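Structure assessment
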Amino acid sequence: MTGRRPDLDGVPRVRRLPMNATNGRHHLMNVWIKRSLSTAAVAGGLFFAGAAVANADTGTGIGTGGGLAENLTSSNLSAPLEIGSVDLGLTTESSSSHSTAVTHTDRKGTTTSTKNSASTQKSTLGLSTGKITADPAGSLSSVTRSTTDRSRHNTSGAAAQHTKGSIKAPITIGGAKVTAQNEQTSTDSRKVVRTGKHGTSTSEQRNVHSSKTGGSLATGAITLDPNGAVDTSKSIAGTSGRHGSKVSSNSATDVTGSLPISTGGLEAQGWSESYDANYRKTSAAGHHGNRTEVESNERASRTAAGLNVGRFAADPSAALSDRRSSLFATGRNGRYTLVNDQATTGSLAAPFRFDGVTGFVSSEQASRRVRGTEESSRRGTVSKVVTDEQASHQAIAGRSGAITGNPALDFADHRSSIVAGDRDGSIVRSDRDGYATYALPYSYEGFGLLGDFGNSSRRTAVEQVADHRGTTTRTETDEHANRTLPAYNFDGFRGAPKGDLELDRIAQLTQLDK
């Protein structure tokens, strides 16, 4: 017989190539053949095992008839959960006071001394939390079908399975807030009065102190919504007869998942205030006139700080798809053909946004001192009051803008192989190509800083003389102030790097001797 021999059962006749086409890659092709034949062996084994079971049902290896089997399973699960909010509060208060009075009399006169002191304290604490909810759920279903058909000369069969499932678990964690504050006050005073034959003298002194500190911390709600899904299908079909056999199989798998997440940010602040004052007064009254001295000092300060962290949100996700198919056919005279094909694609993405941060720190101080004297006699009255005031402040505030990004990755890979041969030899052809692309767009809105520093002072002196000629008043005032306002701002940056990697098509053709 000359020329190309006719096809047998759809299996083409393979023409042997010259030995110089092998290029010495026998080892690589042997690996391909092993992989391909192992796939064919599994597929063929499944098919022929199914045919054997079908024949066993009739009690004979040769018969006629067929069968259809179908199996369906499904399940669902849901478990919603909710935990209510919580509010707690605690307040404590305390106070105390003490007083003493002593009177002493002797030949020089009478002395009366009194002392008083008092203090209070108050503390508050609060806690509140939001609700927590969760609603996990899942589902799974599977369908399996198989058919067999037997005749006197041929046996055929097919089986298919389709499975899909999904799962999700949305969770919300409510925000929380904590507050705390403490207040304290204390006062003490003392007064001494002496009375004698030369006159009366009085001495008074009073001290006051108060302070307040507090802070709060609040967090926004956190939400999560993880979810995923899978979908798989597999099928196999084959025929076997006196002229040869054929087995084909296909499979497809799709997997997707994502994890959206968002946080409601954070806010924190704290402060501290204090106030101190003392007052002193002495006076004496006698036959020659009266004299009074007064001095008071006051100091106040406040420090505060705050921080605000913006919202954060992200939605990472992934997808993967895989497709596979194979065909194994045999004919007369040891002829066979094996075809395998696999395609895999996938993608990843993770868009996100952070709203930025703002914060500040500030401090203020103020003081005041007053000194005064007054003398009076038959000639008149002379008085002088000097007041010194000082104030200063320092503050720094800043902000950081939003940060956004959207990284993404896509890839694909395709592989295929064909093995054909007969008793005289075989030919192996393999192909592979693929690509990958990535992108990383991002932006940052920059930041800014602002400062405020300043101080001031003022002195006022008032003198007054009153006698039989009239009243003379003299006032002097000195003031000084300065302020500095530094600032800095950065506009930020942005970019969008991207690229791709492509795998050129690789083809290999090799002849192997039997």
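Residues numbered from 1 in each chain as written. Predicted model: local features only at pLDDT ≥ 70, side-chain atom pairs only at ≥ 80, totals over all residues. Heavy atoms only, no water.

Thoughts on the overall build of the protein chain
The condition that has to hold: The helix and strand labels rest on DSSP assignments: H or I over at least four residues marks a helix, E over at least two residues marks a strand, and numbering proceeds from the N terminus. Note on exposure labels: buried denotes an accessible area under 20% of the residue type's maximum, exposed denotes more than 50%, and partly exposed covers the range between, all computed with a 1.4 Å probe on protein chains only. Whether two residues touch is decided by their heavy atoms; if any such pair falls within 4.5 Å, the residues are in contact. To measure how exposed things are, a 1.4 Å probe is used in the Shrake-Rupley method; for residues, cover is taken only from the protein chains shown.
Across its full length, the protein chain holds one helix and 31 strands. The buried share of the protein chain, reckoned over its 514 residues, is 20%. In the protein chain, the share of contacts with a sequence separation of at least 24, taken over all contacts with a separation of at least 6, comes to 80%. Working note: accessible area of the protein chain is about 32100 Å², and carbon and sulfur atoms make up 55% of it.

Side note on the packing of aromatic side chains
Our working rule: Stacked, edge-to-face and tilted labels apply to pairs of Phe, Tyr and Trp rings (six-membered ring for Trp) whose centres lie within 6.5 Å, assigned for plane angles under 30 degrees, over 60, and everything in between, in that order.
Applying the stated rule across the entire model yields five aromatic pairs. Judged by centre distance (6.5 Å) and plane angle (50°), the ring pair of F490 and F493 falls under tilted. With a relative accessible area of 43%, F493 lands in the partly exposed category.

Observations concerning the confidence of the model for the protein chain
Counted only if it meets this: The quantity called pLDDT is the predictor's confidence in a given residue, expressed from 0 to 100.
Of all residues in the protein chain, 85% attain a pLDDT of 70 or more, and the chain-wide mean is 85. Taking the mean pLDDT of every element in the protein chain, the minimum, 41, falls on helix α1 (residues 26–58) and the maximum, 97, on strand β20 (residues 352–354).

Some thoughts on the pairing of strand β3 (residues 86–106)
Here is the rule we go by: Strand pairing is assigned whenever DSSP identifies at least 2 bridges connecting the two strands.
For β3, a buried count of zero out of 21 residues is recorded, marking the element as mostly open to its surroundings. Counting the residues between successive antiparallel strands, the hairpin from β3 to strand β4 (residues 109–129) contains two residues.

Considerations on the pairing of β4
As judged from the 21 bridges shared by β3 and β4, these two strands associate in the antiparallel manner. Bridge pairing in β4 places T105 opposite T110. In terms of strand pairing, β4 meets strand β9 (residues 176–196) through 21 bridges, oriented antiparallel. Of the residues in β9, the one forming a bridge with Q121 is Q184.

Looking at the pattern of salt bridges
Which entries qualify depends on this criterion: A side-chain nitrogen of Lys or Arg and a carboxyl oxygen of Asp or Glu constitute a salt bridge if their distance falls within 4 Å.
This structure, assessed with the given rule, holds 23 salt bridges. A salt bridge links E295 to R280; its shortest N-O distance comes to 3.0 Å. Pair noted here: E295 is in strand β16 (residues 290–309) and R280 is in strand β15 (residues 266–286), with a separation of 15 residues, a long-range link. Residue E295 is classed as buried on the basis of its relative accessible area of 18%. Its salt-bridge partner being R432, residue D413 comes within 3.1 Å of it at the nearest N-O pair. Residue D413 is found in strand β24 (residues 408–422), and its partner R432 is found in strand β25 (residues 425–439); the two are separated by 19 residues along the sequence. Because the salt bridges share partners, they merge into one network encompassing R368, E389, R458 and E479.

Looking at a nonpolar patch on the surface
The condition that has to hold: Within this analysis, patches are made of residues with over 30% relative accessible area and no salt bridge. Like charges are joined at 9 Å or less; nonpolar side chains (Val, Leu, Ile, Met, Phe, Trp, Tyr) at 5 Å or less.
Taken together, the side chains of V86, L88, L90, L125, L127, V178 and L217 define a hydrophobic patch exposed on the protein surface, amounting to about 570 Å² of accessible area. Sorting the residues of the nonpolar patch by element identifies β3 and β4 as the ones contributing at least two each. With three residues, the single largest contributor to the nonpolar patch is β3. As for its position among the elements, L217 is in strand β10 (residues 199–219). What makes L217 partly exposed here is its relative accessible area of 39%.

Thoughts on the sheet that holds strand β14 (residues 261–263)
Neighbouring strands of a sheet are bound in pairs by backbone hydrogen bonds; such pairs are parallel or else antiparallel. The test is simple: Axis definition: a line fitted to C-alpha atoms, over the contacting stretch in the case of helices. Angles run 0 to 180 degrees between N-to-C directions.
Spatially, ten strands are ordered β2-β5-β8-β11-β14-β17-β20-β23-β26-β30 in an open sheet, and the strand pairing comes out antiparallel. In this open sheet, the two strands that pair with only one neighbour each are β2 (81–83) and β30 (493–495). Across the sheet, the axes of successive neighbouring strands diverge by a mean angle of 5°, strand direction being ignored.

Points about the side chain of T202
Relative to the helices and strands, T202 resides in strand β10. Judged by its relative accessible area of 16%, T202 falls in the buried class. Excluding anything up to four places from it in sequence, T202 contacts K191, V192, V193, K281, T282 and S283.

With respect to the side chain of S416
Its location among the elements puts S416 in strand β24. Given a relative accessible area of 16%, S416 falls into the buried group. When residues no more than four places from it in sequence are discounted, the contact partners of S416 are N340, D341, R429, S430 and D431.

Some remarks on the environment of T112
Mapping T112 onto the fold places it in strand β4. Excluding anything up to four places from it in sequence, T112 contacts V102, T103, K191, V192 and V193.

Describing the environment of A319
On the secondary structure map, A319 appears in strand β18 (residues 317–330). If near-sequence neighbours (up to four positions away) are discounted, A319 is found in contact with V255, T256, T345, G346 and S347.

Here we look at the environment of L485
Position of L485 relative to the elements: it lies in the loop between β28 (470–484) and β29 (487–490). With a relative accessible area of 52%, L485 lands in the exposed category. For the pair L485 and A395, spaced 90 residues apart in the sequence, the C-alpha separation amounts to 9.6 Å. What L485 contacts, discounting residues up to four positions off in sequence, is G451 and D452.

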